[in-house]
Amino acid sequence: MDKDTHLEDSDSLTQNGIIDSIGLLELIDYITEKYSIEIPEEMLTPENFDTLQGISNMIHKLAK
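Description of the structure in this document. (Residues numbered from 1 in each chain as written. Predicted model: local features only at pLDDT ≥ 70, side-chain atom pairs only at ≥ 80, totals over all residues. Heavy atoms only, no water.)

1. Topic: the overall build of the protein chain
When helices and strands are tallied, the protein chain shows 3 helices and 0 strands. Reading the protein chain from its N terminus to its C terminus gives the helix and strand order α-α-α. Computed over its C-alpha atoms, the radius of gyration of the protein chain comes to 12 Å, within 12% of the 11 Å expected for a compact globule of 64 residues. Burial analysis of the protein chain (64 residues in total) assigns 31% to the buried set. Carbon together with sulfur atoms contributes 49% to the accessible area of the protein chain, which is approximately 4900 Å² in total. Taken as two groups, the 4 positive and 14 negative side-chain charges of the protein chain have centres that lie 10 Å from each other. (Helix = DSSP H or I, 4+ residues; strand = E, 2+ residues; numbered from the N terminus. Rg over C-alpha atoms; globule rule 2.2 N^0.38 Å. Buried < 20%, exposed > 50% of the residue type's maximum accessible area, 1.4 Å probe, protein only. Areas by Shrake-Rupley, 256 points an atom, 1.4 Å probe, with all protein chains shown as cover. Lys, Arg positive; Asp, Glu negative; His and termini not counted. Charge placed at Lys NZ, Arg CZ, Asp CG, Glu CD.)

Spelled out as structure tokens, the structure:
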């Protein structure tokens, strides 16, 4: 992804080639460290990780 790429909150990260399976694992690791949260297995769904909005919603739920 370069600096000229525009991404909407609801754009698919996988379909747009922004993230792949290795990137997803790195993202999960980053989120757990950055926000000091554990992501339960049942929350490891495409709905929670395929868009910026899904990621944000999940973090807000877990950070409460």
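2. Description of the nonpolar core
Membership of the largest hydrophobic core comes to 13 residues, with the highest contact counts inside it found for Leu27, Ile31, Ile39, Phe49, Ile55 and Met58. Residue contacts for isoleucine 39: discarding those within four places in its chain leaves Ile28, Ile31, Thr32, Leu44, Phe49, Met58 and Leu62. (Core = buried A, V, L, I, M, F, W, Y, C linked by side-chain atoms within 4.5 Å. Contact = heavy atoms within 4.5 Å.)

3. Structural notes on the side chain of aspartate 50
Position of aspartate 50 among the secondary structure elements: in the loop between helix H2 (46-49) and helix H3 (52-62). There is no salt bridge for the buried aspartate 50, and the closest opposite charge comes from lysine 61, which lies 16 Å off by N-O distance. Each residue touching aspartate 50, except ones within four places of it in the same chain, is listed here: Asp11, Ser12, Leu13 and Thr14. (Salt bridge = Lys/Arg side-chain N within 4 Å of Asp/Glu carboxyl O.)

4. A few points about unusual backbone geometry
Excluding glycine, a negative phi dihedral is what most residues carry, and trans is how most peptide bonds are arranged. At serine 36, a residue that is not glycine, the phi angle is positive and equals roughly 50 degrees. With respect to the secondary-structure elements, serine 36 resides in the loop between helix H1 (21-34) and H2. The class of serine 36 is exposed, set by a relative accessible area of 67%.

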